[in-house]
Amino acid sequence: MKRIPLLLAAGVFLSGLPALTAPGISGAALAAELTIAISGITSAEGRVYVAVHHERGNVSFPDTEGAVAGAWRMAKEGGFDISFSGLEPGRYAVSGFHDTDGDGELDMNLLGIPTESFGFGNGASGLFGPASFEASSIALKQTATIRLPIGYSGPAGPTDRRSDQ
Amino acid sequence: MTVNGIPRRGFLAASAACGLAHLAPFASALATTHEDWSDAFDAALEGNRMLLGWKTPPDRLDAAALSVSGTWPGGLNGRFYRNGPSIHDRFGRRYRHWFDGDGMIHEFAIDGGSIAHRGRVIRTPKLDREDAAGRRLYDGYGTRLPDSAPLQGPDGMNTANISVLHHGGELLALWEGGSATRLNESTLAAEGFRSWGPELDGVAFSAHPKRDPDGTLWNFGIHLAPQPKIVLYHIGRGGQLLGVGLVEAGPLGLIHDFAITRHSLVFVIEPFLFDPARLGSASILDAHTWHPQAETRVLVIDKADFGARRWHALPSGFGFHFGNAWEEADGSIRLDYCRARDPGILTETLRYVMKGEFVPSSPPRYTRILLPPGGDGRIVAQEQDAEFARVAPAVVGRRHRYVYTLGSPGEPAGWSFRTVVRRDLETGAIETFDYGPGRIPEEHLFVPKPGGNGGEDDGWLIGTVLDWKAGLTGLSVFDAAAIPAGPLAQAWLPYPLPLGFHGTFVPG
Ligand SMILES: [Fe+2]
């Protein structure tokens, strides 16, 4: 089984805290808080991992090498929020996946196609690859909430549902 | 498993997830070109009942005892399965290519001359999600929706709509861009994707596996992006995976079928190639470019060593299906192929038929190709139009004498099949049965007679035919050695079925 360590580089694997303080960011204005609203989790198996990228590291998105923060929670059906406090204001993109076998890695087939559910901020998606930083991101001044649907069972995508009939 | 040496990539490349692209960001600009084709099709159907072959059936069809004319052969018992794109319309939206409709499994259960039919739409995860949402969510191979939803991988748009395989005690519906779908033999219900192993979940498993005379199964899968790759499968008699290969062969496009010989796997890479840069607002089909001046590349891979390969060039052309292939003593490969001048049948005829328009295109002709051990390939003969070529199971990958195809009685123009044909490659004799005006035959399969001599003509030919004048589909059986005499028997359904692709016969 091919396994990619998505969040090892992100540093934090704390669970159960109401808000996580992002590591690796220091300086004066670390007052902002980003909430990730996760949805679409179809089972309570394993864990849900998220990673947060700041605009400065956007070229590596969603490679966790460049993430400024990350976290996991025990999976539960439906959705839940994870908040990161103490962030520098700026633009942030998020990604995540449902690690159903609980091995801490996003499993993939031999072509590199994930075999566990994943998602990008705002429900963004890419062409033959991951969504862009821009499409997966939100501006953060003091507080902001970004939507992160995982897999197929979340909202169908960024497009509003239209009436066909 | 020969998967070592496969380049590993990071999550990102990985999130190739999106295998077959989600394209919503581009869609709004296209909104004005997305007027639906349902009305145009329905209006055209009023004036041309032949279009019945592309009309959406109910999700479920049952007929207990078909009316049989003629005498059904006593030894021909078992189940004849077929599949094809069927749900062309749903939620007021009609797909824009024949290849896009959700698959439907058809079972003709044959027992002592009594025949029953069951048809079931194949409930893929894709169709389940669309029905739950109350709308079409995903782009098809040749259709872009103005508001399509993201995919987690190619299986997210898997319609399981091309063929049926019965192997190792399992019944599978086949697609070609992703996984095979397991079907319950008792209920015909879909039971999720068939996994050949964790590394192969979601990897393409094409609709034209070849059963070697040794009982093992060979198949392939094509991934067009992010990097074009051919996956090879070798599967044991019991359905266990014996080997896997991953082949980089330069630019690829649609490769629907392949051929096997005693020692080789043969891939014909026509210069109808996928260019991801064209995907912006295009369907997967429309992101292909036809390069008529370019050569066709033929790749021959050693079954025993996937790294041992040879290449041949051919003049450009386009085809879906092979008849068969075999090796000569000197290593030359003979390859029979239903091949047209260009891909017009795919890009024009089978697209606009969804709107109710027949656009003529270059017909596939029975094309005999020689691939000498070294050097360019040669087209030895190009004969009458032919499609859905089948040979007896005993000669797959071995020298064959007879091949059974569909054909046209007059000047062929794209999709105009009316005849069933047996070609004798030794004498050149062609024997034909013409179903006549108003009838369109579908693929006819060779079924060996139980207790027969195993010969290539000691069997029956079994296949469906749409009588669009009567509005009914029938099942025909021929003596394979007496095609011109017409069907030995026909069993008629009380309803029409949409025209489909491929099937399989399971004796019993
Ligand atoms: Fe086919």
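What counts, and where the lines are drawn
Residues numbered from 1 in each chain as written. Chains lettered and ligands numbered in written order. Predicted model: local features only at pLDDT ≥ 70, side-chain atom pairs only at ≥ 80, totals over all residues. Helix = DSSP H or I, 4+ residues; strand = E, 2+ residues; numbered from the N terminus. Buried ≥ 20, exposed ≤ 12 C-beta atoms within 10 Å, placed from the backbone. Rg over C-alpha atoms; globule rule 2.2 N^0.38 Å. Contact = placed C-beta atoms within 7 Å. Pairing = 2+ DSSP bridges. Axes fitted to C-alpha atoms, helices over the stretch in contact; angles between N-to-C directions. Core = buried A, V, L, I, M, F, W, Y, C linked by C-beta atoms within 7 Å. pLDDT = per-residue confidence, 0-100.

Draft legend 1. Spotlight on the overall build of chain A. Broken down by element type, chain A carries 0 helices and 11 strands. When the helices and strands of chain A are placed in sequence order, the string is β-β-β-β-β-β-β-β-β-β-β. The proportion of buried residues among the 165 residues of chain A is 49%.

Draft legend 2. Looking closely at the overall build of chain B. The helix and strand inventory of chain B stands at 5 helices and 35 strands. Against the compact-globule benchmark of 23 Å for 508 residues, chain B has a radius of gyration of 22 Å, which places it among compact chains. Oriented by its inertia axes, the alpha-carbon framework of chain B measures out at about 60 × 55 × 45 Å. Counting all 508 residues of chain B, 54% fall into the buried class. Taking contacts inside chain B between residues at least 6 apart in sequence as the whole, the part at least 24 apart equals 59%.

Draft legend 3. Here's a closer look at the sheet that holds strand β22 (residues 305–314) of chain B. Residue and element names in this part refer to chain B. Taken together, the 4 strands give an open sheet; going across it, the order is β17-β18-β21-β22, and neighbouring strands pair in antiparallel fashion. Looking at the sheet topology across the chains shown, the edges are occupied by β17 (259–260) and β22. Of the pairings in the sheet, the one linking β17 to strand β18 (residues 264–269) comprises 2 bridges and is antiparallel in character. Bridge pairing in β18 places Ala259 opposite Val266.

Draft legend 4. Structural view of the environment of B:Gly331. Residues and elements named next belong to chain B. In this fold, Gly331 is placed in the loop between β23 (318–327) and β24 (333–340). Since 14 C-beta atoms lie within 10 Å of it, Gly331 is described here as partly exposed. Between the C-alpha atom of Gly331 and that of Ala429, which follows or precedes it by 98 residues, the distance is 27 Å.

Draft legend 5. The sheet that holds strand β29 (residues 419–424) of chain B, seen in detail. Residue and element names in this part refer to chain B. Strand order in this open sheet of 4 strands is β27-β28-β29-β30, and the pairing throughout is antiparallel. For this open sheet the edge positions go to β27 (387–390) and β30 (430–434), each flanked by a neighbour on one side alone. This sheet shows a mean twist of 20° between the axes of neighbouring strands, independent of strand direction. Two strands pair when backbone bridges link them, and β29 and β30 are joined in this way by 5 bridges, in the antiparallel orientation. Note that in β30 the partner of Thr419 across the bridge is Asp434.

Draft legend 6. Layout of the pairing of strand β4 (residues 47–54) of chain A. Residue and element names in this part refer to chain A. Most of β4 is tucked away: 7 of the 8 residues are buried. Strand direction decides the pairing type here: β4 and strand β5 (residues 69–74), joined by 6 bridges, are antiparallel. Each bridged residue has a counterpart across the sheet, and for Arg47 the counterpart in β5 is Met74. Taken together, the 8 bridges between β4 and strand β7 (residues 90–99) define a ladder with antiparallel strand orientation. Opposite Ala51, over in β7, you have Ser95 as the bridge partner.

Draft legend 7. Examining the pairing of strand β10 (residues 170–174) of chain B more closely. Residues and elements named next belong to chain B. With 4 of 5 residues buried, β10 is to be regarded as a mostly interior element. The hairpin formed by strand β9 (residues 163–167) and β10 contains 2 residues between the paired strands, and Gly168 there has a positive phi angle of roughly 60°. Relative to strand β11 (residues 181–183), β10 is paired through 3 bridges, and the arrangement is antiparallel. Looking at the pairing, Leu172 lines up with Arg182 of β11. What sits between β10 and β11 in their antiparallel hairpin is a turn of 6 residues.

Draft legend 8. A look at the nonpolar core. Formed by 165 residues in total, the largest nonpolar core has its most connected members in A:Val50, A:Val52, B:Leu174, B:Val266 and B:Leu461. Residues contacting B:Leu461, with those up to four places away along its chain left out, are B:Tyr404, B:Val420, B:His444, B:Leu445, B:Phe446, B:Phe478, B:Ala480 and B:Ile483. Within the second largest apolar cluster, 5 residues are counted, among which are B:Leu137, B:Tyr138, B:Ala149 and B:Met157.

Draft legend 9. Expanded view of unusual backbone geometry. Cis rather than trans, the peptide bond between A:Phe61 and A:Pro62 has omega equal to -5°. Despite not being glycine, B:Phe91 shows a phi value in the positive range, around 55°. With respect to the helices and strands, B:Phe91 occurs in the loop between β5 (89–90) and β6 (93–94). The exposure class of B:Phe91 is partly exposed, given the 14 C-beta atoms found within 10 Å.

Draft legend 10. Structural detail: the confidence of the model for chain A. Residues and elements named next belong to chain A. Chain-level statistics for chain A give a pLDDT mean of 80 and a share of 75% at 70 or above. Within the model, the stretch residues 1–19 combines pLDDT values under 50 with 58 contacts to residues more than four positions away or in other chains. The low-confidence segment residues 155–165 (pLDDT under 50) makes 25 contacts with residues lying over four places distant or belonging to another chain.

Draft legend 11. Representation of the environment of B:Trp196 within the structure. Residue and element names in this part refer to chain B. Relative to the helices and strands, Trp196 is located in the loop between β12 (190–193) and β13 (210–211). Among the residues examined, Trp196 registers 20 C-beta atoms within 10 Å and is labelled buried. Along the chain, Trp196 and Gly113 lie 83 residues apart, while their C-alpha atoms are 37 Å from each other. When sequence neighbours within four positions are dropped, the list of residues in contact with Trp196 reads Tyr233 and Leu241.

Draft legend 12. Just the confidence of the model for chain B, in detail. Residue and element names in this part refer to chain B. Here chain B averages 92 in pLDDT, while 93% of its residues score no lower than 70. Long-range and interchain partners of residues 1–32, a stretch whose pLDDT sits below 50, account for 95 contacts in this model, where long-range means more than four residues apart. Across the whole predicted complex the pTM is 0.90, and at the interface the ipTM reaches 0.83.

Draft legend 13. Expanded view of the environment of B:Ile260. Residue and element names in this part refer to chain B. The topology assignment puts Ile260 in strand β17. Between the C-alpha atom of Ile260 and that of Ala304, which follows or precedes it by 44 residues, the distance is 12 Å. What Ile260 contacts, discounting residues up to four positions off in sequence, is Lys210, Asp212, Trp218, Leu265, Ala325, Val396 and Gly397.

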